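Commentary on secondary and tertiary structure
Here's the letter readout for the chains.
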Amino acid sequence: EEGVAVRERLEWEVAADSILQLICRHPFVDRSKQTAIFDFISPIAQQPIEMEEQISKKKGGRQAQKSKIEMVEPPPLDLTTLLTRLEAFTIADAEEFYSMVVGVFENALHLTR
């Protein structure tokens, strides 16, 4: 595709893709199985969220605090969105991937209560 950066996948990205494939085949996740407990696959639409970042700078010997607000993409709530972000190289590292996977399942717990 034009305008899409292409690069080799990092080792953790290849492993993350394999992990997602395994998760998607799990009997509790695979929607083709009667044992599926929640629809983890279907994308859940989300709006960007505001994040406020505190910026601290030294000015003339004293600390100055400043806030910067920016719109960021919220963590994925489903496995399809997570896979899309993995394929688009928008996940920084394995730790971020892990926290996103955990977030998908935490979201499911929250929605099924």
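This one's a predicted model, so the numbers in the text were calculated from it and none came from an experiment.

A closer look at the overall build of the protein
- Across its full length, the protein carries three helices and two strands.
- Helices and strands appear in the protein in the N-to-C order α-β-β-α-α.
- Counting every position in the protein, which comprises 113 residues, the buried fraction comes to 23%.
- Of the accessible surface of the protein, which amounts to about 8500 Å², a share of 56% is contributed by carbon and sulfur atoms.

So, the nonpolar core
- Counting residues in each nonpolar core, the largest one holds 17 residues, and the members touching the most others are Phe40, Leu79, Leu82, Ile91 and Phe97.
- Of all the elements in the fold, those that place two or more residues in this core are α1 (11–25), α2 (79–87) and α3 (94–111).
- No other element matches α3, which puts five residues into this core.
- The contact partners of Leu79, leaving out residues within four places of it in the chain, are Leu20, Ile23, Cys24, Val29, Phe40, Ile41 and Val104.

Points about α1
- Counted at 1.5 Å a residue, the expected span for α1 with its 15 residues is 21 Å, and the 22 Å between its end C-alpha atoms agrees.
- Among the residues of α1, Trp12, Glu13, Ala16, Asp17, Leu20 and Ile23 are the ones counted as buried. The arc that holds the buried residues of α1, viewed along the axis, is 140 degrees, so those residues lie on one side. Exposed residues pointing more than 90 degrees away from the buried face of α1 are listed as Glu11, Leu22 and Arg25.
- Buried-residue contacts for α1 involve α2 and α3.

A closer look at the confidence of the model for the protein
- For the protein, per-residue confidence averages 83 on the pLDDT scale, and 79% of positions sit at 70 or higher.
- The spread of mean pLDDT over the elements of the protein runs between strand β1 (residues 49–59), the lowest at 66, and α1, the highest at 95.

Calculation notes
Residues numbered from 1 in each chain as written. Predicted model: local features only at pLDDT ≥ 70, side-chain atom pairs only at ≥ 80, totals over all residues. Heavy atoms only, no water. Helix = DSSP H or I, 4+ residues; strand = E, 2+ residues; numbered from the N terminus. Buried < 20%, exposed > 50% of the residue type's maximum accessible area, 1.4 Å probe, protein only. Areas by Shrake-Rupley, 256 points an atom, 1.4 Å probe, with all protein chains shown as cover. Core = buried A, V, L, I, M, F, W, Y, C linked by side-chain atoms within 4.5 Å. Contact = heavy atoms within 4.5 Å. Expected span 1.5 Å × (residues − 1). Arc of directions from axis to C-beta. pLDDT = per-residue confidence, 0-100.

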